[in-house]
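The chain contents come next:
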Amino acid sequence: QVQLAESGGGSVQAGGSLTLSCAVRIQGFGWHVMGWFRQAPGKEREFVAAITWSGELTDYANSVKGRFTISRDNAKNTLSLQMNSLKPEDTAVYYCAAKVSQVVSTSDYDYWGQGTQVTVSS
């Protein structure tokens, strides 16, 4: 059974910070890469960041580089996304995702959480 549960979403003023968490419950299958995606109203889902579970390789969308940091805690089976200097354009539903492949990429993720809302106001 695979379960990815996001938490930590909420409302924040522009320039503020939020940290999203994803509780990872994956049993019976191998997996190597975790990622964060987001979908704003009226827009397609877009890649935000990804990380190998060992933490040696990360990737970020250009729109969040320097502001967002993806990390993992293997002992706690938790994926996190630290979001700083938030902008209204960051408003979206954020999804946690996992893939069996070892390739850090913007696509081909196998498992998804249900999402958590992030709203940034000015």
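This text follows the structure it describes.
Residues numbered from 1 in each chain as written. Predicted model: local features only at pLDDT ≥ 70, side-chain atom pairs only at ≥ 80, totals over all residues. Heavy atoms only, no water.

Undergrad: Can you walk me through the overall build of the chain in this structure?
TA: Counting its secondary structure elements, the chain contains zero helices and 11 strands. Secondary structure elements of the chain, listed N to C terminal, follow the sequence β-β-β-β-β-β-β-β-β-β-β. The C-alpha radius of gyration computed for the chain amounts to 13 Å, which stays within 12% of the reference 14 Å derived for 122 residues, consistent with globular compactness. Expressed as lengths along the three principal axes of its C-alpha atoms, the size of the chain is roughly 45 × 30 × 25 Å. Each of the 122 residues in the chain was classed as buried or not, and the buried ones make up 42%. Look at the contacts in the chain between residues 6 or more apart in sequence, and 56% of them connect residues 24 or more apart. (Helix = DSSP H or I, 4+ residues; strand = E, 2+ residues; numbered from the N terminus. Rg over C-alpha atoms; globule rule 2.2 N^0.38 Å. Buried < 20%, exposed > 50% of the residue type's maximum accessible area, 1.4 Å probe, protein only. Contact = heavy atoms within 4.5 Å.)

Undergrad: How do you make sense of the pairing of strand β3 (residues 18-26) when you look at a structure like this?
TA: Taken residue by residue, a regular strand's side chains alternate between the two faces of the sheet. Residues L18, L20, C22, V24 and I26 of β3 are buried on one face, while the alternating residues T19, S21, A23 and R25, pointing to the opposite face, are not. Pairing of β3 with strand β8 (residues 78-83), which is carried by six bridges, proceeds in the antiparallel orientation. By the bridge assignment for β8, C22 is matched with L79. (Pairing = 2+ DSSP bridges.)

So, to be careful, I would describe these as geometric facts and stop short of saying anything about function.
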